[in-house]
There are 2 protein chains.
Amino acid sequence: MTRADFSDMKIGKGVEWAAHSCALLALLPANAALALEALADFIGVPSPYLAKQMQLLSKAGIVKAKRGVAGGYKLARLPETISLWDITGAIDGTTPSFRCTEIRQKGSCGASSDEVLTACKIAASFKHAEDKFRQELNNVKLPELVAGIAQDVSDQRKSRIKTWIEQNAAFST
Amino acid sequence: MTRADFSDMKIGKGVEWAAHSCALLALLPANAALALEALADFIGVPSPYLAKQMQLLSKAGIVKAKRGVAGGYKLARLPETISLWDITGAIDGTTPSFRCTEIRQKGSCGASSDEVLTACKIAASFKHAEDKFRQELNNVKLPELVAGIAQDVSDQRKSRIKTWIEQNAAFST
DNA sequence: GCATTATGGATATTTTTTATCTTTAATTAA
DNA sequence: TTAATTAAAGATAAAAAATATCCATAATGC
Ligand code: FES
Ligand code: FES
């Protein structure tokens, strides 16, 4: 049972890490990969735990992992095809946040099971609201994210990041 | 520290109970109230725990509690002014689901705190999505909820419910 | 073969949620 | 005024989930 089987719309902090990791990987040249240690160093989080998030991203087909010398992570597909919802879903799962326990059928005036044909209006309303939530996140693709994050970064820091990448990325020959 | 101070967009099962409780209270005549025990019996949940939800609804000004003989709960305001978001917020709190820990400022290429003027694009995107979620729930008022739930209830059961209310509600003289 | 790097599983810790109980305060009716 | 009734508040306990780490294993390139 992976963690994703359980989660719901509550957003774990792993999502923040994963999203920033993807944003960084999007800056890499096509022939480069970043090892877990380098990634954790850049993001500033403990690597053993970040490893879990990266594994989930890998299983979801968002990043591609390569083992061995000069291995590491890179994006598995074009940044334009990766949305914030994809990342959220990979880390936290896609289980709906509202859990209807069918209390309509309980209690002294509970309905019989053959009477409840449609979803309860309450549950349906939450489902609808969650759809909006999901759609909104699905509209935010990686390039937009990268651009938004870059807005706040000074030219000086941008070049520092560029240098860091050159020094820490593993380039395939 | 109340529970509401901590919660986020993850929806606890208490919300389902509270929403159905409000839907029931909306059926009451203006001069009637329902005691906790009766409410718990109708909904089919343990009363000690439901008490907590009712207290939260009371504190939020959604229901009005009256102690003593012939006391109980009734709606504190017009059903038209009570939304599903009001109920959700009262029970689960309104803390945003996404927690930005400002990892921009961490790690080997972290930005200095005076450099991050605006909210991180990632955090901003989640905030935007959550706003949509909230708006959607805020558009669902109690009358719509009651009507939606009633759709699935047979005439026979409707009259059973009506009888139950007459027998279990406390009417002020 | 050897060094390197991700994977998967197991496990530990902490936090949050869920559930219950007990004491206190308020209200009304007799 | 007294007794019965009912909600409020707080303490606490049990269960579940999130968070964090470690280790043995498998894959990869030299
Ligand atoms: S029965 Fe589950 S929300 Fe109404
Ligand atoms: S720093 Fe928190 S989401 Fe980017």
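Right above here is the structure, for reference.
This write-up is about the structure you can find in this document. The numbering scheme is per chain: residues are counted from 1 as the chain's sequence reads. Here the convention is simple: chains get letters from A, ligands get numbers from 1, in the order in which they are written. Only residues with pLDDT of at least 70 get local features here, since the model is predicted, and only at 80 or more are side-chain atom pairs given and counted; chain-wide, interface and lining totals rely on the full set of residues. Computation of side-chain values: all heavy atoms of the structure, hydrogens and water removed.

### Quick notes on helix α5 (residues 121-138) of chain B
One turn of an α-helix holds 3.6 residues; hence residues three or four places apart share an orientation. Helix and strand labels come from DSSP, where a helix needs a run of H or I of at least four residues and a strand needs a run of E of at least two; each type is numbered from the N terminus. One less than the number of residues in a helix, times 1.5 Å, gives the span that helix is expected to have. Helix length check: α5 of chain B (18 residues) gives 25 Å between terminal C-alpha atoms against 26 Å at 1.5 Å per residue, within 8%. The buried label goes to any residue with under 20% of its type's maximum accessible area, the exposed label to any with over 50%, and the partly exposed label to all in between, with areas taken from a 1.4 Å probe on protein chains only. Taken as a whole, α5 of chain B has its buried residues at Ile122, Ala123, Ser125, Phe126, Ala129, Glu130, Asp131, Phe133, Glu136 and Leu137 of chain B. By definition, residues are in contact when any of their heavy atoms lie within 4.5 Å. At its buried positions, α5 of chain B is contacted by α1 (13-25), α4 (84-92), α5 (121-138) and α6 (142-150) of chain A together with α4 (84-92) of chain B.

### Some remarks on the protein's contact with DNA strand D
Near residues are defined by distance, with any heavy atom within 4 Å of the molecule or strand qualifying the residue. Around DNA strand D sit 25 residues in total, of which Arg67 of chain A together with Ala35, Leu36, Lys52 and Tyr73 of chain B are the nearest. Backbone atoms, meaning sugar and phosphate, make up 59% of the atoms of DNA strand D lying within 4 Å of the protein. In the analysis that follows, any N or O atom pair within 3.5 Å is treated as a polar contact, provided that within protein one partner can donate a hydrogen and the other can accept it, and provided that, for residues neighboring in sequence, both atoms belong to side chains. Side-chain polar atom of Ser58 of chain B to a phosphate oxygen of DNA strand D: 3.3 Å apart, as the coordinates give it. Here a sugar or linking oxygen of DNA strand D and a backbone polar atom of Gly68 of chain B are 3.3 Å apart. Going through the elements one at a time, α1 and α3 (47-59) of chain A together with α3 (47-59), β2 (63-66) and β3 (72-75) of chain B are the ones with two or more residues in the surface near DNA strand D. Just so you know the grouping, Ala, Val, Leu, Ile, Met, Phe, Trp, Tyr, Cys and Pro go in nonpolar, Asp, Glu, Lys and Arg go in charged, and all remaining residues, Gly too, go in polar. Of the residues assigned to the surface near DNA strand D, the class counts are 10 nonpolar, six polar and nine charged.

### Some thoughts on the protein's contact with DNA strand C
What surrounds DNA strand C is a group of 26 residues, the closest being Leu36, Lys52, Gly68 and Tyr73 of chain A together with Arg67 of chain B. Counted by atom, the contact set of DNA strand C within 4 Å of the protein is 60% sugar and phosphate. Within the contact set of DNA strand C, a phosphate oxygen lies 3.2 Å away from a side-chain nitrogen or oxygen of Arg99 of chain A. In this structure, a base nitrogen belonging to DNA strand C sits 2.8 Å away from a side-chain N or O atom of Arg67 of chain B. Counting residues per element, the ones that place at least two in the surface near DNA strand C are α3, β2 (63-66) and β3 (72-75) of chain A together with α1 (13-25) and α3 of chain B.

### Description of the packing of aromatic side chains
Residue and element names in this part refer to chain B. In this analysis, rings of Phe, Tyr and Trp, with Trp reduced to its six-membered ring, are considered paired at centre separations within 6.5 Å, and the interplanar angle assigns stacked below 30 degrees, edge-to-face beyond 60, and tilted for intermediate values. Throughout the structure, instances matching the rule amount to seven aromatic pairs over all chains. Taken together, a centroid distance of 5.2 Å and an interplanar angle of 80 degrees make the contact between Trp17 and Tyr49 edge-to-face. A residue pair is termed long-range when its members are at least 10 positions apart, and Trp17 in helix α1 and Tyr49 in helix α3 qualify at 32 residues. Taking the relative accessible area as the measure of exposure, Tyr49 reaches 36% and is therefore partly exposed.

### Quick look at the pairing of β2 of chain A
As paired strands, β2 of chain A and β3 of chain A are joined by four bridges and run antiparallel to one another. For Lys66 of chain A, the partnering residue across the bridge sits in β3 of chain A and is Gly72 of chain A. In this description, strands pair whenever DSSP reports at least two bridges between them.

### Remarks on the interface of chain A and chain B
Counting from both sides, the interface comprises 60 residues of chain A and, opposite them, 60 residues of chain B. The term buried area refers to how much accessible surface (probe radius 1.4 Å) is lost by two components on association, counted for both of them together. Overall, the association of chain A and chain B removes approximately 5200 Å² of surface from exposure, summing both partners, and the carbon and sulfur fraction of that is 62%. What makes a salt bridge here is a side-chain nitrogen of Lys or Arg within 4 Å of a carboxyl oxygen of Asp or Glu, nothing more. Among the salt bridges present, the one from Glu115 of chain A reaches Arg157 of chain B, with a minimum N-O distance of 2.7 Å. Across the chain A-chain B interface, the total number found is 28 residue pairs in polar contact (both at pLDDT 80 or more). Elements that contribute at least two residues to the side of chain A that touches chain B include exactly α1, α2 (36-43), α4, α5, α6 and α7 (155-168) of chain A. Residue composition of the side of chain A that touches chain B, grouped by class: 27 nonpolar, 15 polar and 18 charged.

The values reported here are purely geometric and, on their own, carry no functional implication.
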